[in-house]
Amino acid sequence: MSNILECKALTKRYGGKEALSAIDLSLEPGRIVGLLGPNGSGKTTLIKLACGLLTPTAGGIYINGEAPSKATNAIVSYLPERIALPLWMTTQQAMDFYGDFYADFRRDAAEDMVSRLGLELRQTIKTMSKGTREKLQLILTMSRAARLYLLDEPIGGVDPATRDYILKTILTNYSEESTVLISTHLISDVEHVLDEAVFLREGSIMLHESVDTIREEKGKSVDELFREVFAC
Amino acid sequence: MLGKLMKHEFRATGRIGLPLCGIMMALSVVAGMVIRLWSDNLEYGWREQAGSIIIFLYGLSVFAVGIGIFIVLMQHYKRNLLGDEGYLMRTLPVNIHELLLSKLFVALLWYIASILLTMLSGLVVVFISGEVKLSEFGGLMDVIRDGLASTDAYTWLCAFLAYIGGMSLLTLLFYADYAMTQSFSKHKVLYSVIFVVVFIVLLRLVFWFNSALVASGFGAPYFGSNESGVYVSHGAEVGLIELYLSCVLVYFITWAFLKYKPNLE
């Protein structure tokens, strides 16, 4: 089975600081993978490189065998860590926008989630609360039938009820053939949805293992292992 | 995708641009009425003072349409490609050329629309104020037609191309400056100044190269030549070539910074 995401000796430096140090990583289709690590470990950098928002200093990153490009953007659904939707847009206009640019956008799924959330179609994003904006952005991201979902801190900075909503939305909207890469440092909240865990520390991969293996062989939860590995 | 990008670009910039144009047109109607009332009554009271304010506001709205739309377009570019919205726009299945060209084409359409609407608002003032009556409209059109006929079509074409090229260059200069300074995390003002100096030097080089090329007779087979010399007799064409070469140069500088130094770090 071909890898949906592959990093080969991927390195990224910001000035003199190395954010990613020659990492090798392969992700197969149909997996939910947790990209776990403390702040500044390189999680966001890796996701931005996969989206083409950054260019590698050395090595390469490949989506479905291709370097990030217009073609790979068509199969990757990206949730940035900040609100990227224009604030003047209404819910309706945001859905129109996604529908115009993404052939895989499932309008009916988006409308269904928007209506269940009780969002007004004519409400502008500017007038929404932070949590509601994040939910809308997640709905739009997960309403695409993408091959790869890159979710950067989808549950950071929201209340526990919203976290549950977000994780439920991810689980109920991704297809079996798709891969979901979730970056977070809130391990206990996402652990139950993960198939694999990747531990990043100071730009290097410390561990890449299936969650079942971690539990069976190490006799620990991912959260416990994370606390042990990253103990200060 | 270019058409879709342009549609959303119009939607985003039209939120401010259209009301600005609407206000200018509405004020032109009111200003015309005020001038008409003045011609009926020359006493200076509070109504006349209010009228002066309205005419001042109309003048201000003409200025706002000219300058305001330019500022709106530049701010939108910065926010849309270099700010938070860049995370959405630059992960769309489109390339940097499509993103840049959609913004440039929409900006040019706005510039042309704002000039036409400003001229229209001026005509509205003239007609409503009674300075020119509808019965005299035919005469006014004759004057305009004569004015147009006194200049040949080729000169009008050159003037139009010069306007489009000039506005494109101005817009692209701002695009390039924003893209370049954004790609550095420190000393943005310093880099901005350096960029302007480098650009002026490059423009001079293009001008020198261009002039040397035409003076050497390179353009003669295309533009024709006479005894007074190709360079002197084809100044307009030389200027246009220089202008559009500069546009291409600045366009690719912007493109390169957006593609290879996408500082959304």
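It should be noted that the structure appears before, not after, this text.
Bear in mind the structure is a predicted one, so any value in this text is a computation, not a measurement. (Residues numbered from 1 in each chain as written. Chains lettered and ligands numbered in written order. Predicted model: local features only at pLDDT ≥ 70, side-chain atom pairs only at ≥ 80, totals over all residues. Heavy atoms only, no water.)

Enquirer: Explain the interface of chain A and chain B to me, please; I cannot follow it from the model alone.
Expert: One frequently used descriptor of interface size is the decrease in accessible area upon assembly of the parts. In this assembly, 25 residues from chain A lie in contact with 26 residues from chain B. When the two sides are added together, the surface that chain A and chain B hide from each other amounts to roughly 2500 Å², 64% of it contributed by carbon and sulfur. Taken as a group, A:Leu53, A:Trp88 and A:Phe101 account for 28% of the area that chain A buries against chain B, more than any other trio of residues on that side. Where chain A touches chain B, the interface holds three salt bridges. Seen at the junction of chain A and chain B, the total is eight residue pairs in polar contact (both at pLDDT 80 or more). Among the elements of the structure, α1 (43-51), α2 (70-73) and α3 (91-101) of chain A are those that each provide at least two residues to the side of chain A that touches chain B. In the side of chain A that touches chain B, the residues fall into 17 nonpolar, three polar and five charged. (Contact = heavy atoms within 4.5 Å. Buried area = accessible area lost by both parts, 1.4 Å probe. Salt bridge = Lys/Arg side-chain N within 4 Å of Asp/Glu carboxyl O. Polar contact = N/O pair within 3.5 Å; in protein donor to acceptor, adjacent residues only side chain to side chain. Helix = DSSP H or I, 4+ residues; strand = E, 2+ residues; numbered from the N terminus. Nonpolar A, V, L, I, M, F, W, Y, C, P; charged D, E, K, R; others polar.)

Enquirer: Looking at this model, I keep getting lost on the sheet that holds strand β5 (residues 76-79) of chain A. Mind explaining?
Expert: Adjacent strands of a sheet form backbone hydrogen bonds with each other and so pair up, either parallel or antiparallel. All names here are of chain A. Taken together, the six strands give an open sheet; going across it, the order is β5-β6-β7-β3-β8-β9, and neighbouring strands pair in mixed fashion. Of all the strands in the sheet, the pair left with one neighbour each is β5 and β9 (204-210). Adjacent strand axes in the sheet meet at a mean angle of 15 degrees when their direction is disregarded. For strand β6 (residues 148-152) and strand β7 (residues 179-184), the ladder comprises five bridges, and the chain directions are parallel. Within β7, the position partnered with Leu-151 by the bridge is Ile-182. This element, helix α8 (residues 211-218), spans β8 (196-201) and β9 of the sheet and lies at about 85 degrees to β9. This element, helix α9 (residues 222-229), spans β3 (32-36), β8 and β9 of the sheet and lies at about 15 degrees to β8. (Pairing = 2+ DSSP bridges. Axes fitted to C-alpha atoms, helices over the stretch in contact; angles between N-to-C directions.)

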